[in-house]
Amino acid sequence: MSRHFILALDQGTTSSRSILFDAEGGMAAVAQREFRQHYPQPGWVEHDPVEIWASQLATAKEVLAKANASPGDVAAIGITNQRETTVVWDRRTGEPIYNAIVWQCRRTTDTCEAIQARGLADEFQRRTGLVVDAYFSGTKVKWILDHVPGARARAARGELCFGTIDSWLLYKLTGVHATDYSNASRTLLFNIHERQWDPTLLGELAVPAEMLPEARPSSQVYGSTGVLGGNIPVASLVGDQQGALFGQAAFHPSDCKNTYGTGCFLLMNTGETPIASKNGLLTTIAWGLDGKIEYALEGSVFVGGAVIQWLRDGLKLIGSAAESEAVAREVEDAGGVHIVPAFVGLGAPYWDMRARGTISGLTRGAGRAHLVRAALESIAFQSADVVRTMEADTGARIPQLRVDGGAAANNLLMQTQADLLNTPVVLGQVIETTALGAAFLAGLAVGFWPNLESIGKIWKVDRIFEPVWDAGKRAAALAGWEDAVRRTTSSAE
Ligand code: ADP
């Protein structure tokens, strides 16, 4: 029987989804299930790995039923996942020994501060491309080994497996204990230059090598699964943001994407060269494909679409996120008003964690529409700051910015982004770029698509926002933003 579909499993922070893609990259069906968030203490976040697996499996079955497809119609499964979230399970029984510690969880902040106090942060950064932060997996594994009785000894005997969510799902599907380079590069344990687990860092965090998954390329047959009925190869693993970069067909150095969600995630492809940022951006493995590893620079905006949620829920200025566009269009510009939504500090390139948000430039004429417009503009200004930082770190200019995520539906925001960057902003036809990236990588591994060129043709433009501002207008806008940011920094009077 000919196989018509690739099944992408998209395991996110709040829901598990399954999407069936056809050979043209079209979505034949989607299924989604939310699962529980656990907050055992302030600042702690956990998921139940068994519930994650059950919800993911249920959506996979559901999506096949919706498309009236059988396992025999599926050429391969690709997996993309919330990154950094850490699971430790019993190798023999497949039972987790503790809940998954989620990327958002701050419980290991003290461990990270101790590493920094010992002057080891530069060493970790040089080897992993990351900053020492509770966000990444390494200190989370250490926490589980330190707190579950007997765990470290069992791990050293090879009785336990560590994995991020990609590994956990792969293990449940196939019994294979592996991960891909993109996920491994988010653990704080993986040397991104030597492409292997780093014995020095494992020693620092007291994580036994016996519990680590085998790190492999992102596009290959890892094993096959019978859980859906017939045998289906599992042929890709990729972290969600790297998956989105691939799903945007950003295959070449300087190609860049921005995902506008609650926060914004910008990734720039830097090809086969890992570039160390001088401005606090992360260096990460984008994917391993065709015997090569490609790297990316990554930067994020902590408060992106969340500033629109704040307008809606905090200030009650708008009834829905979508309404922000019409309200902002009631005025020509923000009338000199700036909102700097430094609710949790300022990220790249300012790195001021004590800064808190400001509204500045208020006059008697400032009204609701000016505030809404200023909030939308703040998303574009912050993203432009990260893009300019990437350009400074690489010495390259991005040819265009490919965009996705919920707030990319806002045309005014996208136009403002193009104007601020003086670069076209490009919206693709498939908005589920993360899942599409996993599907592309799986499809390449099994010959469903022959090569990158064929995928490049599948990726199609929906809309291009061309910059229209002249240089003077752009310079004035950027100067106004910089001034507003200066007033926001913790050292401002
Ligand atoms: P996440 O994956 O982080 O949950 P989504 O990609 O679903 O995020 O995007 C949701 C975010 O986008 C919310 O913060 C919301 O405020 C914002 N958003 C959604 N639609 C719009 C819109 N039309 N204009 C501006 N912001 C929007």
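Residues numbered from 1 in each chain as written. Predicted model: local features only at pLDDT ≥ 70, side-chain atom pairs only at ≥ 80, totals over all residues. Heavy atoms only, no water.

## Topic: the packing of aromatic side chains
For the record, the criterion: Any Phe, Tyr or Trp ring, taking Trp's six-membered ring, that has another such ring centre within 6.5 Å forms a pair; planes under 30 degrees apart are called stacked, those over 60 apart edge-to-face, and the others tilted. When the NZ atom of lysine or the CZ atom of arginine is within 6 Å of a ring's centre and also within 35 degrees of its normal, the charge is said to sit over that ring.
A full pass over the atoms with the stated rule returns 15 aromatic pairs. On the numbers, 6.0 Å between centres and 35 degrees between planes, the contact of Y181 with F190 is tilted. Site record: aromatic cluster; members linked through ring pairs are W44, Y98 and W143. Over the ring of W143 we find R107, and its NZ or CZ is 4.5 Å from the ring centre. For R402, the ring lying beneath its charged end belongs to W459, and the centroid distance is 3.7 Å.

## Comments concerning the domain arrangement of the protein
So the rule is basically this: Reported domain spans reflect what an automatic or database domain assignment gives. The contact criterion used is simple: two residues touch if any of their non-hydrogen atoms lie within 4.5 Å. Buried area: the accessible area, evaluated with a 1.4 Å probe, that two parts lose upon being put together, summed over both parts.
Under the domain assignment used here, the protein contains domain 1 (5-239) and domain 2 (249-428 + 460-493). One C-alpha centre belongs to domain 1, the other to domain 2, and the line joining them spans 29 Å. Across the contact, 19 residues belong to domain 1 and 13 residues belong to domain 2. With both chains or domains summed, domain 1 and domain 2 bury close to 1,300 Å², and 53% of this area falls on carbon and sulfur atoms.

## Quick word on the pairing of strand 18 (residues 292-301)
Two faces, one strand: in a regular strand the side chains alternate between the faces of the sheet. Rules: Under the scheme applied here, a residue whose accessible area is under 20% of the maximum for its type counts as buried, over 50% as exposed, and between as partly exposed, the area being computed with a 1.4 Å probe on protein chains only. Under the DSSP-based scheme used, a helix requires at least four consecutive residues in state H or I and a strand at least two consecutive residues in state E, with every element numbered from the N terminus. By the convention used here, strands pair only if DSSP detects at least 2 bridges between them.
Of all 10 residues making up strand 18, 8 are buried, and the element is well covered by its neighbours. Note: strand 16 (residues 264-271) against strand 18, 7 bridges, orientation antiparallel. Counted as the bridge partner of N269 is A296 from strand 18. Relative to strand 18, strand 17 (residues 282-289) runs antiparallel, the two being bridged by 7 bridges. Bridge assignment links T284 to a residue of strand 18, and that residue is A296.

## Thoughts on a nonpolar patch on the surface
For the record, the criterion: Any residue with relative accessible area above 30% and no salt bridge may belong to a patch, with like charges joined within 9 Å and the nonpolar Val, Leu, Ile, Met, Phe, Trp and Tyr side chains within 5 Å. Only the protein chains shown count as covering a residue, and every accessible area follows the Shrake-Rupley method with a 1.4 Å probe. Counted as salt bridges are all cases of a side-chain nitrogen of Lys or Arg within 4 Å of a carboxyl oxygen of Asp or Glu.
A contiguous nonpolar surface patch, about 450 Å² in accessible area, is contributed by F302, F343, V344, W351 and M353. As for its position among the elements, W351 is in the loop between strand 19 (338-340) and strand 20 (358-360).

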